[in-house]
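# Chains, contacts and geometry: an overview
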Amino acid sequence: MLFSIPYLEWIGYIASIIIAISLTMSSLIKLRWYNLAGAAIFSFYGFAIGALPVGLLNLFIVLANVFYLAKISAQKEVFKSIRTSQKEPYLNYFLDFYGKEITRFFPDFGTKYKELERDNKQVFAFFVLRNATVAGIFIGIKEDKQVEVLIDFVIPEYRDFKVGKYIYSDKNKLFAHEGIDTIVCTNVHPQHSEYLLKMGFHKGQNDVFVRR
């Protein structure tokens, strides 16, 4: 017993918290994994206290989550990158629509983006499509064989690293087509820094991330 609450009852509280957390996930895959874990604990709790409806219902939820996670895992996804430009209306609409999210991860992007046309810099930008749906955007400044990342943004529904892995894989031919052999990023947001390391970047001096 802890704080006058039986240990078995704590299991029910923990399961409830995990299920509640699952409902805050923007990623469908994360939602199902958290929901599966919470339902599994709740099912155990239900059977342990002799509440068969609770145990059976949550066991069904566990099986449903396993089924859909297996289905998602087996699904063959198609990725494609499509070049865009600053004059493209949809690009500006996309940047406005996700403006707050973009600013959270790339606080300097708005200022740098406005300066691009004024400074006559070469913009290298493309959308990433996932099963024909726009899942993210890459915008950088190209100088010779190097591109500096301004944003590498994926919409919340697709943040499972698959888009990022496609962007920096050999399957994405745009970098090679443009003769780019070095990608640098100076963003220092903790979450984005962790993402860059997972994408094969190496942290250099002055918090500059480099991928060749």
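Below is a summary of the structure that appears in this document. Just so you know, these numbers come straight off a predicted model, no measurement behind them.

The next thing to look at is the overall build of the protein. Each helix and strand counted, the protein has 9 helices and 7 strands in total. Computed over C-alpha atoms, the radius of gyration of the protein comes to 22 Å, more than 25% over the 17 Å expected from 2.2 N^0.38 for 212 residues, which places it beyond the range of a compact globule. Taken along the three principal axes of its C-alpha coordinates, the protein extends 70 × 40 × 30 Å. Expressed as a percentage of its 212 residues, the buried residues of the protein come to 38%. Long-range pairs, those at least 24 residues apart, make up 59% of the contacts in the protein between residues at least 6 apart in sequence. Split by element, the accessible area of the protein, about 12,800 Å² in all, is 61% carbon and sulfur. The protein carries 25 positive and 20 negative side-chain charges, and their two centres are separated by 6 Å.

Scanning the entire structure with this criterion turns up 8 salt bridges. With a closest N to O distance of 4.0 Å, Glu-148 and Lys-112 form a salt bridge. Placement of Glu-148 in strand S4 (residues 146–154) and of Lys-112 in helix H6 (residues 109–118) is noted, with a sequence separation of 36 residues between them. For Lys-112, a relative accessible area of 28% puts it in the partly exposed group.

Right, let's get into the sheet that holds strand S1 (residues 79–84). If you walk across this open sheet you meet the 7 strands as S1-S2-S3-S4-S5-S7-S6, and the pairing is mixed. Bordering the open sheet on either side are S1 and strand S6 (202–203), each of which pairs with just one other strand. As paired elements, S4 and strand S5 (residues 182–185) share 3 bridges and run parallel to each other. Bridging from a neighbouring strand, Val-147 pairs with Ile-183 of S5. Sitting on the sheet, helix H4 (residues 89–97) is in contact with S1, strand S2 (122–130), strand S3 (133–143) and S4, with an inclination near 105° to S3. Each of S4, S5, S6 and strand S7 (209–211) touches helix H9 (residues 190–198); the most contacted strand, S7, lies at about 25° to it.

A word on the side chain of Ser-43. Examined against the element boundaries, Ser-43 turns out to sit in helix H2 (residues 28–48). Only 2.9 Å separates the side chain of Ser-43 from the backbone oxygen of Gly-55, close enough to count as a polar contact. If near-sequence neighbours (up to four positions away) are discounted, Ser-43 is found in contact with Gly-55, Asn-58 and Leu-59.

It is worth spelling out the nonpolar core at this point. If you look at the biggest cluster of nonpolar residues, it comprises 22 residues, and the most contacted ones within it are Phe-124, Phe-126, Phe-138, Ile-167, Tyr-168, Phe-175 and Ile-183. Contributing elements (two or more residues each) for this core: S2, S3, S4, helix H7 (162–167), helix H8 (174–177), S5 and H9. Residues contacting Ile-167, with those up to four places away along its chain left out, are Phe-126, Val-128, Phe-138, Asp-152, Asn-172 and Phe-175. By size, the runner-up hydrophobic cluster in this structure holds 21 residues, among which are Phe-105, Phe-109, Ile-141 and Ile-155.

Our next topic: the packing of helix H1 (residues 7–22) against H2. At a minimum axis separation of 8 Å, H1 and H2 run at an interaxial angle of 160°. The pairing of H1 with H2 is recorded here as roughly antiparallel in orientation. Between H1 and H2 the crossing geometry is left-handed. In contact with Leu-8, Glu-9, Ile-11, Gly-12, Ala-15, Ser-16, Ile-18, Ile-19, Ile-21 and Ser-22 of H1, H2 contributes Leu-31, Tyr-34, Asn-35, Ala-37, Gly-38, Ala-39, Ile-41, Phe-42, Phe-44, Tyr-45 and Ala-48.

Cut-offs and rules
- Here, residues in each chain are numbered from 1, in the same order as that chain's written sequence.
- Note on the predicted model: pLDDT of at least 70 is required for a residue's local features to be given, and 80 or more for side-chain atom pairs to be given and counted; whole-chain, interface and lining totals, by contrast, use all residues.
- Side-chain numbers here rest on the full set of heavy atoms in the structure, without hydrogens or water.
- Under the scheme used here, helices are H or I runs from DSSP no shorter than 4 residues and strands are E runs no shorter than 2 residues, and both carry numbers assigned from the N terminus.
- Within these notes, the globule rule equals 2.2 Å times the number of residues to the 0.38 power, and the radius of gyration is based on C-alpha atoms.
- Residue burial is assigned from relative accessible area. The probe radius is 1.4 Å, only protein chains are included, and a residue is buried under 20% of its type maximum, exposed over 50%, and partly exposed in between.
- We call two residues in contact whenever any of their non-hydrogen atoms come within 4.5 Å of each other.
- Computed by Shrake-Rupley with a 1.4 Å probe, the accessible areas treat only the displayed protein chains as cover when residues are assessed.
- The charged-residue count follows a simple rule in which Lys and Arg add positive charge and Asp and Glu add negative charge, with His and chain termini not counted at all.
- Working definition for charges: the position is that of NZ of Lys, CZ of Arg, CG of Asp or CD of Glu.
- Salt bridges are counted wherever a side-chain nitrogen of Lys or Arg sits within 4 Å of a carboxyl oxygen of Asp or Glu.
- A pair of strands is treated as paired once DSSP finds two or more bridges between them.
- Lines are fitted to the C-alpha atoms to define the axes, a helix being fitted only along its stretch in contact, and any angle between axes, read from their N-to-C directions, falls within 0 to 180 degrees.
- Pairs of N or O atoms within 3.5 Å make up the polar contacts considered here, provided that, within protein, one atom can donate a hydrogen while the other can accept it, and that residues adjacent in sequence are counted only when both atoms are side-chain atoms.
- Residue types Ala, Val, Leu, Ile, Met, Phe, Trp, Tyr and Cys, when buried and joined through side-chain atoms within 4.5 Å, form a set referred to as a nonpolar core.
- Should an angle fall under 35 degrees it is taken as roughly parallel, and over 145 as roughly antiparallel, whereas 65 to 115 is taken as roughly perpendicular and any remaining angle as oblique.
- Helix crossings fall into two classes, left-handed where the near helix is turned counterclockwise from the far one by less than a right angle and right-handed where it is turned clockwise.

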